[in-house]
Amino acid sequence: MSGKTLYDKLWDAHVVKSREDGTALIYIDRHLIHEVTSPQAFEGLRLAGRKPWRVDSVVATPDHNVPSDASERAGGIDGIVDEVSRIQVKTLDENCEEFGIVEFGINDPGQGIVHVVGPETGATLPGMTVVCGDSHTSTHGALGALAHGIGTSEVEHVLATQCLIQKKMKNMLVRVDGVLGEGVTAKDVVLAIIGKIGTAGGNGCAIEFAGEVIEKMSMEGRMTVCNMAIEAGARAGMVAVDDITIDYVKGKPFAPKGAEWEKAEAAWRDLHSDADAKFDVVVELKGEEIQPQVSWGTSPEMVLPVDGAVPNPAEEQDPTKKSGIERALQYMGLRAGQKITEIPVDRVFVGSCTNARIEDLRAAAEVAKGRTKADSVKQVLIVPGSQSVKAQAESEGLHKVFVEAGFEWREPSCSMCLAMNSDKLGAGEHCASTSNRNFEGRQGFGGRTHLVSPAMAVAAAVTGHFTDVRKLGKA
Ligand SMILES: CC(C)[C@H](C(=O)O)[C@@H](O)C(=O)O
Ligand code: SF4
């Protein structure tokens, strides 16, 4: 018998009962909650007269509907102008109060995007099963956890039973070997992976990201990569536990302490695929071949190196792909063969659970330092992923760099990642965005999203069009 993959190990450790039909009941260690997908789940609990099975496994924070604007934010929940948003955030608050759930409320120092808050507080730990009613829960797999999104009815199921019915996924290995060039980041790595395997490449699989590039990557970079596993079609992405993981987790508020820590660390050290483990699918990339990426179309797989040119549908043989390209070019307002660097940018968004951690803001500030927003760019939003990221950035003076560059320094929120709050693109506007989704209307009706790294987003902000950050020269 061959060895186990990391996914096999995490799965086996959480199976409560397996059935003949391939489904299994798995135990959930951590349940993260936000305002969008939890109201009906709590309503269901109430109607059935149930209470959460293990209330201390649940951690909540509002993120999608909270305004990023400081003055609107200052009014707390009651100050939220949009009525639907206000009700959602208020309902989360009331539900947490009623059921005794730990919540980092709207202006609490622990508040933030749920996928930033989980790892930074140690609510997410290696070896855990982590769920949230949110597809980007895959982010938490970076810690060597089995983490994936669930639907609202499953949110209720997990609240009520602490378990989830699942079918085991296939094992997929994505190896990124070699080294990354200067100016090439985790975001470029994951965009290049999706460009290669497509948005259906990981369907039915749990992806383990490995290889030298991933081994050298910081925890935050690994989170960026795992965050977008879902955009590659896989519900879960993960990375083996190593010293980088252990060092990251140590001392976090929810992390075990003292003798408990020793025991936990020893167990976590086994959270890697065995040398003889077999994967159903293996994909390999070379780090040195990855360039800074920019998405040009309406799907994350429509992505190119910054020195590339938008495809010409006339050169595509496959009729489905051809019409896909035609439609994307039309929506995005681009010409066949147009150089990526010739695409003008109207707004820039640095934020989201993909790229709003402290290292992302440092990378953005490094490019912004001594430069200013191009006149043609209407707005540059810099939105920290959590209150704690915001405080850290301010203690390092990063906010001053942004403000001096003519950018807006905002409050933690999902913000312009999706049009669920007041940060939106206007119809026809192009946005250099560090988020993870670029489908039609994602950032506002008619808005045109281009996915990039934080450094590339700022390079676009200061030049007014996509620019290879490596060619910017000295500020
Ligand atoms: C609102 C929520 C359910 C959704 C998700 O599941 O991912 C959102 O976070 C997104 O990024 O589209
Ligand atoms: S930041 Fe964007 S992708 Fe992440 S949870 Fe919020 S809306 Fe979803």
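What counts, and where the lines are drawn
Residues numbered from 1 in each chain as written. Chains lettered and ligands numbered in written order. Predicted model: local features only at pLDDT ≥ 70, side-chain atom pairs only at ≥ 80, totals over all residues. Pairing = 2+ DSSP bridges. Helix = DSSP H or I, 4+ residues; strand = E, 2+ residues; numbered from the N terminus. Axes fitted to C-alpha atoms, helices over the stretch in contact; angles between N-to-C directions. Contact = placed C-beta atoms within 7 Å. UniProt positions renumbered as here; feature names shortened; annotations may be inferred. Domains from an automatic or database assignment. Parallel < 35°, antiparallel > 145°, perpendicular 65-115°, else oblique. Left-handed = near helix turned anticlockwise from the far one by under 90°. Nonpolar A, V, L, I, M, F, W, Y, C, P; charged D, E, K, R; others polar. Core = buried A, V, L, I, M, F, W, Y, C linked by C-beta atoms within 7 Å. Buried ≥ 20, exposed ≤ 12 C-beta atoms within 10 Å, placed from the backbone. Arc of directions from axis to C-beta.

### A short note on the sheet that holds strand E12 (residues 281–286)
Thinking step 1. Pairing is parallel in the open sheet, where 4 strands are placed in the order E11-E10-E9-E12. Since the sheet does not close on itself, it has two edges, and those belong to strand E11 (236–238) and E12, each with one partner. Sheet twist, expressed as the average angle between the axes of neighbouring strands with direction ignored, equals 20 degrees.
Thinking step 2. As paired elements, strand E9 (residues 170–177) and E12 share 6 bridges and run parallel to each other. Residue pairing in the sheet places valine 174 in a bridge with valine 283 of E12.
Thinking step 3. Of the strands in this sheet, E9 and E12 are in contact with helix H7 (residues 186–197), which crosses E12 at around 125 degrees.

### Comments concerning the environment of isoleucine 150
Thinking step 1. Within the secondary structure, isoleucine 150 sits in the loop between strand E7 (146–149) and helix H6 (152–161).
Thinking step 2. As a C-alpha pair, isoleucine 150 and cysteine 132 span 18 residues in sequence and 5.9 Å in three-dimensional space.
Thinking step 3. Beyond its immediate chain neighbours, meaning those up to four positions away, isoleucine 150 contacts Val131, Gly133, Val155, Val158 and Leu164.

### A few points about the UniProt feature "binding site: [4Fe-4S] cluster" (unreviewed entry) in the chain
Thinking step 1. In the numbering used here, UniProt assigns the "binding site: [4Fe-4S] cluster" (unreviewed entry) feature to Cys353, Cys414 and Cys417. In three dimensions, the annotated residues from a span of 65 residues occupy one location, with a maximal C-alpha spread of 8.8 Å.
Thinking step 2. Tracing the chain through its elements places cysteine 353 in the loop between strand E15 (347–350) and helix H13 (358–368).
Thinking step 3. Beyond its immediate sequence surroundings of up to four residues, cysteine 353 is in contact with Ile113, His115, Val116, His136, Thr139, Asn227 and Gly385.

### Brief notes about the domain arrangement of the chain
Thinking step 1. Domain parsing of the chain yields domain 1 (1–291) and domain 2 (293–471).
Thinking step 2. The centre of domain 1, based on its C-alpha atoms, is set 24 Å off from the matching centre of domain 2.
Thinking step 3. Every contact between the two is made by 41 residues of domain 1 and, on the other side, 40 residues of domain 2.
Thinking step 4. The set of elements that each furnish at least two residues to the side of domain 1 that touches domain 2 consists of helix H3 (70–74), helix H5 (114–121), H7 and helix H9 (219–227).
Thinking step 5. Among the elements that make up the side of domain 1 that touches domain 2, the one with the highest residue count is H7 (6 residues).

### Brief notes about the packing of H13 against helix H16 (residues 454–463)
Thinking step 1. Two elements in contact, H13 and H16, have axes whose closest approach is 8 Å; the angle formed by their N-to-C orientations is 30 degrees. In terms of orientation, H13 lies roughly parallel with respect to H16. At the point where H13 passes H16, the crossing takes the right-handed sense. Note on element contacts: H16 touches H13 through Pro454, Ala455, Ala457, Val458 and Ala459, opposite Asp360, Ala363, Ala364, Val367 and Ala368.
Thinking step 2. Taken together, the residues of the contact of H13 with H16 sort by class into 9 nonpolar, no polar and 1 charged.

### Focus: the nonpolar core
Thinking step 1. Core analysis: the biggest nonpolar cluster contains 140 residues, and Val348 and Ala364 have the highest contact counts within it.
Thinking step 2. Looking at which domains feed residues into this core, each of domain 1 (1–291) and domain 2 (293–471) gives three or more.
Thinking step 3. Contact partners of valine 348, with chain neighbours within four places excluded, come to Val377, Val380, Cys431, Ala432, Ala457, Ala460 and Ala461.

### Quick notes on H6
Thinking step 1. Of the positions making up H6, those classed as buried are Val155, Glu156, Val158 and Leu159. Summarising the axial view, the buried residues of H6 lie within an arc of 165 degrees, below the 170-degree limit, and thus occupy one face.
Thinking step 2. Contacts from the buried residues of H6 go to strand E3 (30–33), helix H2 (39–48), strand E6 (129–132) and strand E8 (163–167).

### Some details on H9
Thinking step 1. A large share of H9 lies buried, amounting to 8 of its 9 residues.
Thinking step 2. When H9 is considered as a whole, its buried residues turn out to be Glu220, Gly221, Arg222, Met223, Thr224, Val225, Cys226 and Asn227.
Thinking step 3. Looking at the buried residues of H9, the elements they touch are H5, H7, strand E10 (205–210), helix H8 (212–216), E11 and H13.

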